[in-house]
Amino acid sequence: MDFNLTEEHLMIRDAARDFAQTELLPGVIERDEKQQFPDELVRKMGELGFMGVMVDPKYGGSGMDAISYVLIMEELSKIDASASVMVSVNNSLVCYGLEAYGSEEQKQKYLTKLATGEQIGAFCLSEPEAGSDATSQATTAEDKGDYYLLNGTKNWITNGGRADTYLVIAQTDRAKGHRGINAFIVEKGMEGFHVGPKEDKLGIRGSDTHTLQFNDVKVPKENRIGEDGFGFKFAMKTLSGGRIGIAAQALGIASGAYELALKYSKERKAFGTEICNHQAIAFKLADMYTEIAAARHLVMAAACKKDAGENYDREGAMAKLYASKVAMEQTVEAVQIHGGNGFVKEYHVERLMRDAKITQIYEGTSEIQKIVISRSLIRD
């Protein structure tokens, strides 16, 4: 077991850290308040290779490994989780899904633009009545011969208003249950496809989250991903990799909050000395650092499994379950260490606390991760 990062990994981490500090940090509070994320920053992330980290260079990607992806996600998330979730969805759910399961024609048409950041992707699984129960898809795709007729609603879609390419999961044969589900590539501007208002969220407010409506949208037959009935398996396989990205996001949120708390504790004085010298604060810092280090090992272990080509379903679920728990708990502690200042936006920790909560919900709730983990243990 080698816990040391390679020189290449260190360079990638430092590049992501520099971008986060110089490009994301300025304006992050304003973006949170206004629920905005400039196209210019998305373009810069694409130029740095952050939008197609693990995609083969022949499709315009950076050709990096999962460890590199985790390092990028952690550094971006320390500063702006709204930026990192855009990166996560585009990489883990959209680019990965197309590269692993799409046809060569689909890769050339869509993946080459998504991997460079020229276009942005969205993954559309959740519905008003189908969140954790992904088999209960109400969105339908009726086979009309040379096209499918798509009808339904998708909720809480990241990049919903910004995306150019949407991977939509829909039911084509209800009698077959989950084997009657398919995945389709839908383009912005297709007739009958409407983007609803932006959601007013607790956290990751800079990210673009919308409800999508599909009303008799004609989707060409060649836009189906994989064989007929492959959609549910496609969604589950794709989400498994997505858990590593969100685990890394949670890790970054926790790490960012810890770094701010440590810095503040060395500057703030109470009872005649810096508050880090008081055992109550020192022990909080010790617990935070230990919990974050443990989360980092779980995230890295999952990424290593992925890079080795081994099954990482359990490891990804463990990493997301634990890292999201750490993010929620340690951002609360960071606010506590800041005292009254922690409740003020300019100190950043209150935003990180709000951002942390979603990591326990999206791309599989913490309860779903426990199902994944327990089933793997019983099966083994």
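Residues numbered from 1 in each chain as written. Predicted model: local features only at pLDDT ≥ 70, side-chain atom pairs only at ≥ 80, totals over all residues. Heavy atoms only, no water.

As recorded by an unreviewed UniProt entry, the chain carries the name Cyclohex-1-ene-1-carbonyl-CoA dehydrogenase and is attributed to Tenacibaculum lutimaris. One UniProt comment on the chain, placed under Sequence similarities (unreviewed entry), says "Belongs to the acyl-CoA dehydrogenase family." Recorded in UniProt for the chain, the comment headed Cofactor (unreviewed entry) runs: "FAD". (UniProt positions renumbered as here; feature names shortened; annotations may be inferred.)

> Outline the pairing of strand E3 (residues 147–158), supporting the account with residue identities and numerical values.
Taken together, the 4 bridges between strand E2 (residues 140–143) and E3 define a ladder with antiparallel strand orientation. By the bridge assignment for E3, Asp143 is matched with Tyr148. Linking E2 to E3, which pair antiparallel, is a turn of 3 residues; within it Gly145 sits at a positive phi near 105°. (Pairing = 2+ DSSP bridges. Helix = DSSP H or I, 4+ residues; strand = E, 2+ residues; numbered from the N terminus.)

> An account of the domain arrangement of the chain is needed here, citing residue identities and associated values.
Domain assignment breaks the chain into domain 1 (7–120), domain 2 (122–231) and domain 3 (239–379). For domain 2 versus domain 3, the distance between C-alpha centres works out to 31 Å. With 7 residues of domain 2 in contact, the opposing surface of domain 3 contributes 9 residues. Counting the surface domain 2 buries against domain 3, the share from its top three residues, Ser132, Leu202 and Ile204, is 70%. (Domains from an automatic or database assignment. Contact = heavy atoms within 4.5 Å. Buried area = accessible area lost by both parts, 1.4 Å probe.)

> Kindly report on the packing of helix H7 (residues 231–267) against helix H9 (residues 313–338), identifying the contributing residues and their values.
Running from amino to carboxyl end, H7 crosses H9 at an angle of 25°, the nearest separation of the two axes being 8 Å. Classed by the angle they form, the pair H7 and H9 counts as roughly parallel. Judged by the twist between their axes, the crossing of H7 over H9 is left-handed. (Axes fitted to C-alpha atoms, helices over the stretch in contact; angles between N-to-C directions. Parallel < 35°, antiparallel > 145°, perpendicular 65-115°, else oblique. Left-handed = near helix turned anticlockwise from the far one by under 90°.)

> Describe the packing of helix H5 (residues 81–101) against helix H6 (residues 104–114), with residues and values.
Two elements in contact, H5 and H6, have axes whose closest approach is 10 Å; the angle formed by their N-to-C orientations is 155°. It follows that H5 is roughly antiparallel to H6 by the angle criterion. The handedness of the crossing between H5 and H6 is left-handed. Along the contact surface, H5 presents Asn90, Val94, Cys95, Leu98 and Glu99, while H6 presents Lys107, Tyr110, Leu111 and Leu114. Here the residues of the contact of H5 with H6 are counted per class, giving 6 nonpolar, 1 polar and 2 charged. (Nonpolar A, V, L, I, M, F, W, Y, C, P; charged D, E, K, R; others polar.)

> How would you summarise the environment of Gly117 if you had to cite specific residues and measurements?
Within the fold, Gly117 resides in the loop between H6 and strand E1 (121–124). Distance from Gly117 to Lys44, taken between C-alpha atoms, is 8.6 Å for residues 73 residues apart in sequence. Setting aside residues no more than four positions away along its own chain, Gly117 makes contact with Gly46 and Met51.

> Outline the UniProt feature "domain: Acyl-CoA oxidase/dehydrogenase middle" (unreviewed entry) in the chain, listing residues and values.
Mapped onto this numbering, the UniProt entry annotates "domain: Acyl-CoA oxidase/dehydrogenase middle" (unreviewed entry) at residues 122–217. In this annotation, residues 122–217 is assigned 0% helix and 50% strand; the end-to-end C-alpha distance for the span is 17 Å.

> Can you break down empty space enclosed by the protein residue by residue, with the values?
The method is simple in principle: a probe with the dimensions of a water molecule rolls over the atoms, and the space it marks as empty is what remains. One pass over the structure, following the stated rule, counts 2 cavities of 30 Å³ or more. One number sums up the size of the largest cavity: a volume of about 50 Å³. Looking at the largest cavity, the residues that line it are Val28, Arg31, Asp32, Gln36, Asp80, Ser82, Ile204, Arg205, Gly206, Arg351 and Asp355. Residue assignment for the lining of the largest cavity shows that the elements contributing at least two residues are helix H2 (28–34) and helix H10 (349–358). Tallying contributions element by element places H2 first for the lining of the largest cavity, with 3 residues. Looking at side-chain class alone, the lining of the largest cavity contains 2 nonpolar, 3 polar and 6 charged residues. Two domains each donate at least three residues to the lining of the largest cavity, and these are domain 1 (7–120) and domain 2 (122–231). The calculated volume of the second largest cavity comes to roughly 40 Å³. (1 Å grid on protein atoms, 1.4 Å probe; cavity = no way out; pocket = protein on both sides within 12 Å on 5 of 7 lines; lining within 4 Å. Points joined across faces, edges and corners; volume = space filled by probe spheres on them.)

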